[in-house]
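The primary structure of each chain is shown beneath.
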Amino acid sequence: MSASQTSDIPTLLVKIYGKDRPGITAGLFDTLAAFSVDVVDIEQVVTRGRMVLCALVTQPPHGLEGDLRATVHSWAESMKMEAEIVSGHGDNRPRGSGRSLVTVLGHPLTAEATAAVAARITKVGGNIDRIFRLAKYPVTAVEFAVSGVETGPLRTTLATDAAALGVDVAVVAAGLHRRAQRLVVMDVDSTLIQDEVIELFAAHAGCEAEVAEVTAAAMRGELDFEQSLHARVALLAGLDASVVEKVRSEVRLTPGARTLIRTLKRLGYQVGVVSGGFTQVTDDLKDRLGLDFAQANTLEIVDGKLTGRVTGEIVDRAGKARLLRRFAAEAGVPLAQTVAIGDGANDLDMLNAAGLGVAFNAKPVVREAAHTAVNVPFLDTVLYLLGVTREEVEAADAHEEILQPPAR
């Protein structure tokens, strides 16, 4: 039947709840089958071993509703479950225009924060149609399906209050595009990795403090990136090129980085990095992690020594956005289907150009300008913003281990 055909037909909402065990769903519908009813809708939720099963069915033939009610209650009692049956008409009311998916990350996720998010959704005219848990550790992540309000105003409302509530909130439009192939492009320093690569080089040159000071000012947006890059690289002049291998070995991936990339690749996504750092490190990361794209600045090396200069195209704030567009074109992915992740002011153009810009443990100016912010130290939490659950990630990892057991 069409929606219009089912809107006025008599229906029964049959609700069963109690301790979960195998056979409850089959048993309920076996019981209902004896009364020639049709299924209109089904919802089932299990939380800490307690089940709630709702079945919306058409009203049985005339004179049989009383028998159906008595039989369902008797069956439920035999299964040590509770039953509730409510008469009505039709299905759920049509959802309002404008549909969004709101992902809330908490570490922990408090009742106070959850109440505040729900209240703000209601305040702007949204209705929560469904809530689903995506992960329970290392953060709690839940997804709200919301209708009745456009994505833009909803995102603005929730993003404004997220930091004060102590949660991270991402709002994306619902629809088929969420399942489409995507391109994910990340910054490197303090995003994909825990370090600032130029500071690792500076430590070997004995000028770490001077470089760190200039880096911090550039990330806050207080200095022009290209000028700061040349000033910092000049301090590295004379370093032996062998330091490159030492720096590569010192790089520390951000927790969850491998899981994020591995899972994205399994989903068929393409993954790239853009960096104001150096190809001497990003090329190595591309090989180690199986990335599809990588672009950064290149340290000039002459006669086995760093000259204190960079060569080629400068990857700065505008350059990162330009490279995102270039990677998207090469990948055959519309810009609206791209995800950009970064932490510094020089990532802002890229974050704003992407379909979804994620500020990862970012500076305040970046958090305020990005589409959403993640403020927990686990890079794979970005998967939850894409609707991927922790259980799906772990199941895929377990399956991979079965197919390719580790060498002994």
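Residues numbered from 1 in each chain as written. Predicted model: local features only at pLDDT ≥ 70, side-chain atom pairs only at ≥ 80, totals over all residues. Heavy atoms only, no water.

Naming follows an unreviewed UniProt entry, where the protein chain appears as phosphoserine phosphatase of Streptomyces flavalbus.

## Topic: the packing of aromatic side chains
We describe a pair of aromatic rings using the distance from one ring centre to the other and the angle between the two ring planes. For clarity, the threshold we go by: What counts as a ring pair is set by centres within 6.5 Å for rings of Phe, Tyr and Trp (its six-membered ring), and what kind of pair is set by the plane angle: stacked under 30 degrees, edge-to-face over 60, tilted for all other angles. The helix and strand labels rest on DSSP assignments: H or I over at least four residues marks a helix, E over at least two residues marks a strand, and numbering proceeds from the N terminus. Burial classification: accessible surface area is computed with a 1.4 Å probe over protein chains only, and a residue below 20% of its type maximum counts as buried, one above 50% as exposed, and the rest as partly exposed. Placement of a charge over a ring requires the Lys NZ or Arg CZ to be within 6 Å of the ring centre, with the centre-to-atom vector within 35 degrees of the ring normal.
For the coordinates displayed, the defined rule picks out two aromatic pairs. Both rings, one in Phe 201 and one in Phe 278, keep their centres 5.9 Å apart while their planes meet at 85 degrees; by these two values the pair is edge-to-face. With a gap of 77 residues between them, Phe 201 in helix H6 (residues 197-205) and Phe 278 in strand S10 (residues 270-278) connect regions that are remote in the sequence. With respect to burial, Phe 201 and Phe 278 carry one shared label: buried. Relative to Phe 327, the ring of Phe 293 lies with its centre 4.7 Å away and its plane at 15 degrees, an arrangement referred to as stacked. Of this pair, Phe 293 sits in strand S11 (residues 293-302) while Phe 327 sits in helix H12 (residues 317-331), and the two are 34 residues apart along the sequence. For the pair Phe 293 and Phe 327, one class covers both residues: buried. Directly above the ring of Tyr 17 sits Lys 15, whose terminal nitrogen or CZ lies 5.2 Å from the centroid. A cation over a ring is seen here: Arg 390 above Tyr 137, with NZ or CZ 6.0 Å from the ring centre.

## Regarding the environment of Glu 213
With respect to the helices and strands, the residue Glu 213 is situated in helix H7 (residues 208-219). Overall, Glu 213 belongs to the exposed group, its relative accessible area being 61%. When the C-alpha atoms of Glu 213 and Asp 187 are compared, they prove to be 20 Å apart, with 26 residues separating the residues in sequence.

## Re unusual backbone geometry
Cis geometry is adopted by the peptide bond preceding Pro 108, which originates at His 107 and carries an omega value of 5 degrees. Inspection of the secondary structure assignment puts Pro 108 in the loop between strand S5 (99-106) and helix H4 (111-123). Of note, the amide linkage connecting Tyr 137 to Pro 138 takes the cis form, showing an omega dihedral of -5 degrees. Residue placement: Pro 138 occurs in the loop between strand S6 (127-135) and strand S7 (140-147). Phi angles above zero are rare outside glycine, and Asp 303 is one such case at about 55 degrees. Inspection of the secondary structure assignment puts Asp 303 in the loop between S11 and strand S12 (305-311).

## Here we look at the pairing of S7
Note on strand geometry: in a regular strand, side chains alternate between the two faces of the sheet. Definition in use: In this description, strands pair whenever DSSP reports at least two bridges between them.
Among the eight residues that make up S7, seven are buried, leaving the element largely enclosed by the rest of the structure. Relative to S7, S5 is paired through eight bridges, and the arrangement is antiparallel. Residue pairing for S7: Leu 105 is matched across the bridge by Ala 141. With seven bridges joining them, S6 and S7 adopt antiparallel strand pairing. Bridge pairing in S7 places Arg 130 opposite Ala 145. In this antiparallel pair of consecutive strands, S6 and S7, the connection spans four residues.

## As for the pattern of salt bridges
We count it as follows: Basic side-chain nitrogens of Lys or Arg form a salt bridge, by our definition, when they fall within 4 Å of a carboxyl oxygen of Asp or Glu.
Counting across every chain of the model gives 17 salt bridges. Put simply, Asp 397 and Arg 262 hold a salt bridge, and the shortest N to O gap is 3.0 Å. One end of the pair, Asp 397, is in helix H16 (residues 390-403); the other, Arg 262, is in helix H10 (residues 257-266), and 135 residues separate them in sequence. Residue Arg 262 is classed as partly exposed on the basis of its relative accessible area, which comes to 31%. One network of salt bridges, in which partners are shared, links Asp 187, Lys 320 and Asp 347.

## So, the UniProt feature "domain: ACT" (unreviewed entry) in the protein chain
The following threshold applies: UniProt positions are given in the numbering used here, feature names are shortened, and annotations may be inferred rather than shown by experiment.
Mapped onto this numbering, the UniProt entry annotates "domain: ACT" (unreviewed entry) at residues 13-93. Helix makes up 30% of residues 13-93 and strand 41%, and the two end C-alpha atoms of the span are 14 Å apart.

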